[in-house]
Each structure stands twice: as C-alpha cells, then as structure tokens.
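Geometric and topological summary
In case you want the letters, here they are:
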Amino acid sequence: MLDTHARKYVQPSIEKTASFFLKKKRTPDQITILALAAGITTSVFYVLGYPLIGVLFLWLSGYLDAVDGTMARHTKTSPFGTVMDITFDRIVEIGMIVAIAYIHPEVIWPLLLLSVSIIISMTIFLVVGAVSEHAGIKSFYYQAGLAERTEGFILFTIMLLFPDILVWSTLLFFAVELFTGIQRFTEAKRILQ
C-alpha cells in the first residue's frame with residue numbers, strides 16, 4: 001500500500017541516487033547485488049546482537065532495491081535483472097526469518113506461518129504478473145496490496161527491535177500478508193476472466 005501510494009514522496013531522493021549511480025557507470029544489477037548484501041547484513045547483525053544496526057541495513061537494502069528499479073527504467077531493462085531483484089528480495093526476507101528463528105526458537109511456529117503467507121502471496125503476485133497482459137511502470141504487472149515491501153520492512157523492524165512482542169508482531173505480519181494474498185487472488189479472478 002505504501003509503495004503504491006507514498007512512493008511519490010521519496011521518489012525524488014531515489015531519482016537522485018539512481019542518477020548518481022548511473023553517472024558513476026554502475027548498472028541496476030550491481031545495485032541489486034548491493035541491496036542483497038545490505039539485506040543479508042541485517043540478519044548477520046541481528047544474530048550478533050545488534051538489532052538496531054541490522055534495521056539500518058534493512059532499510060538501506062530497501063532503499064537500494066527502489067534505486068535499482070529506477071535505474072533500470074532509465075536504461076535498457078534486463079529480464080534477468082527482474083528475476084534477480086525478486087529472488088534477492090525473498091532471500092533477504094528468508095534471511096531475517098531464519099535469523100529471528102535462530103535467536104528466538106520459541107517463535108518458530110508463528111515464523112513458519114509468516115513464511116507460508118509470504119509464499120502464498122508472492123506466488124499469486126508472480127503468476128498474475130506472468131499471465132497478465134496489463135503493464136505498469138515495472139517490467140511486469142504489479143499487484144498492489146495491503147502488504148507491499150515497505151509494510152513488510154515496518155513489520156520486520158518491529159519484530160527485530162521489540163522481542164517482547166515478537167509472537168504478536170509475527171502473527172500480525174502473517175495476517176496482513178495472508179490478507180494481501182487474498183486481495184491479490186480476488187483481483188486476479190477479476191482481471192483474468
């Protein structure tokens with residue numbers, strides 16, 4: 001929801017950063033890899049006991065993830081770049097879930113439910129994008145929903161920084177993600193029939 005409706009407020013900063021990297025002859029794929037590295041660093045710092053530093057790297061990863069897409073729209077887009085981007089986003093999410101499970105094994109079941117809801121929602125998102133004739137500013141049809149990347153980062157931030165409410169924040173994330181999957185499934189039925 002925030003990615004769709006609030007992007008216009010941060011897009012000028014993203015554009016400036018994208019222009020900077022393009023002037024330095026960097027490619028969108030290089031920034032995608034940098035975003036992955038920052039995202040994995042989130043999990044490393046969390047496991048080492050530095051959740052606040054981890055959260056800073058999480059948001060850096062998300063920012064770079066937005067920058068690489070903007071760079072791609074200003075250059076020749078690469079279908080493999082899209083594959084890298086979506087795959088690396090999931091690796092960052094999985095890394096955080098595994099890191100949290102490692103530190104808090106008592107929350108393994110809510111984390112498993114969260115993982116399942118992400119799989120369901122992303123499967124619908126990707127299949128609709130693949131079979132839809134609609135096009136957006138991205139290289140595939142982008143289905144908006146209650147939980148987009150920014151909402152996920154907000155919920156992951158709460159999970160990483162507030163262990164006392166970890167069970168409840170994880171279950172909230174699960175519910176929001178599952179609702180988003182249902183939203184996307186309902187929209188898919190409407191636009192694909």
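Just so we're clear, the structure is a prediction, and the values are computed from it rather than from any experiment. (Residues numbered from 1 in each chain as written. Predicted model: local features only at pLDDT ≥ 70, side-chain atom pairs only at ≥ 80, totals over all residues. Heavy atoms only, no water.)

As for the packing of helix α3 (residues 28-47) against helix α5 (residues 79-103)
Direction vectors running N to C along α3 and α5 enclose 5 degrees, while the axes themselves pass 9 Å from each other. Between α3 and α5, the angle is such that the two are roughly parallel. Only Gly81, Met84, Asp85, Phe88, Ile91, Val92, Gly95, Met96, Ala99, Ile100, Tyr102 and Ile103 of α5 make contact with α3, whose side of the interface consists of Asp29, Thr32, Ile33, Ala35, Leu36, Gly39, Ile40, Thr42, Ser43, Tyr46 and Val47. Of the residues belonging to the contact of α3 with α5, the class tally is 15 nonpolar, six polar and two charged. (Axes fitted to C-alpha atoms, helices over the stretch in contact; angles between N-to-C directions. Helix = DSSP H or I, 4+ residues; strand = E, 2+ residues; numbered from the N terminus. Parallel < 35°, antiparallel > 145°, perpendicular 65-115°, else oblique. Contact = heavy atoms within 4.5 Å. Nonpolar A, V, L, I, M, F, W, Y, C, P; charged D, E, K, R; others polar.)

Things to note about the nonpolar core
By size, the foremost hydrophobic cluster in this structure holds 26 residues, and its most contacted members are Ile100, Leu111, Leu114, Phe156, Met159 and Leu160. Only α3, α4 (51-74), α5, α6 (108-131), α7 (149-161) and α8 (166-192) provide two or more residues apiece to this core. Beyond its immediate chain neighbours, meaning those up to four positions away, Leu111 contacts Ile97, Ile100, Ala101, Met159 and Thr170. Within the second largest apolar cluster, nine residues are counted, among which are Phe21, Ile31, Leu64 and Met71. (Core = buried A, V, L, I, M, F, W, Y, C linked by side-chain atoms within 4.5 Å. Buried < 20%, exposed > 50% of the residue type's maximum accessible area, 1.4 Å probe, protein only.)

Comments concerning the confidence of the model for the chain
Model confidence for the chain is summarised by a mean pLDDT of 89, while 89% of its residues fall at 70 or above. The spread of mean pLDDT over the elements of the chain runs between helix α1 (residues 2-5), the lowest at 59, and α3, the highest at 97. (pLDDT = per-residue confidence, 0-100.)

Focus: the environment of Phe21
Positionally, Phe21 belongs in helix α2 (residues 7-23). C-alpha of Phe21 to C-alpha of Met71: the two residues are 50 residues apart in sequence and 8.1 Å apart in space. Apart from residues no more than four positions distant in its own chain, Phe21 is found in contact with Arg26, Ile31, Leu64, Val67 and Met71.

Brief notes about the packing of aromatic side chains
In total, this model carries five aromatic pairs according to the counting rule given. Plain terms: the ring middles of Phe45 and Phe57 are 5.5 Å apart, the flat faces sit at 20 degrees to each other, and that makes the pair stacked. Here Phe45, found in helix α3, pairs with Phe57, found in helix α4; they are twelve residues apart in sequence, far enough to count as distant. According to the relative accessible area criterion, Phe45 is partly exposed, its value standing at 24%. For Phe57, a relative accessible area of 27% puts it in the partly exposed group. These aromatic residues form a ring-pair network of at least three members: Phe45, Tyr50 and Phe57. (Phe/Tyr/Trp six-rings, centres within 6.5 Å; stacked < 30°, edge-to-face > 60°.)

Structural notes on the packing of α3 against α4
Between α3 and α4, whose axes approach to 8 Å, the crossing angle comes to 165 degrees. Between α3 and α4, the angle falls in the class roughly antiparallel. Where α3 crosses over α4, the two elements pack in a sense that is left-handed. Its residues assigned to classes, the contact of α3 with α4 shows 16 nonpolar, six polar and two charged. (Left-handed = near helix turned anticlockwise from the far one by under 90°.)

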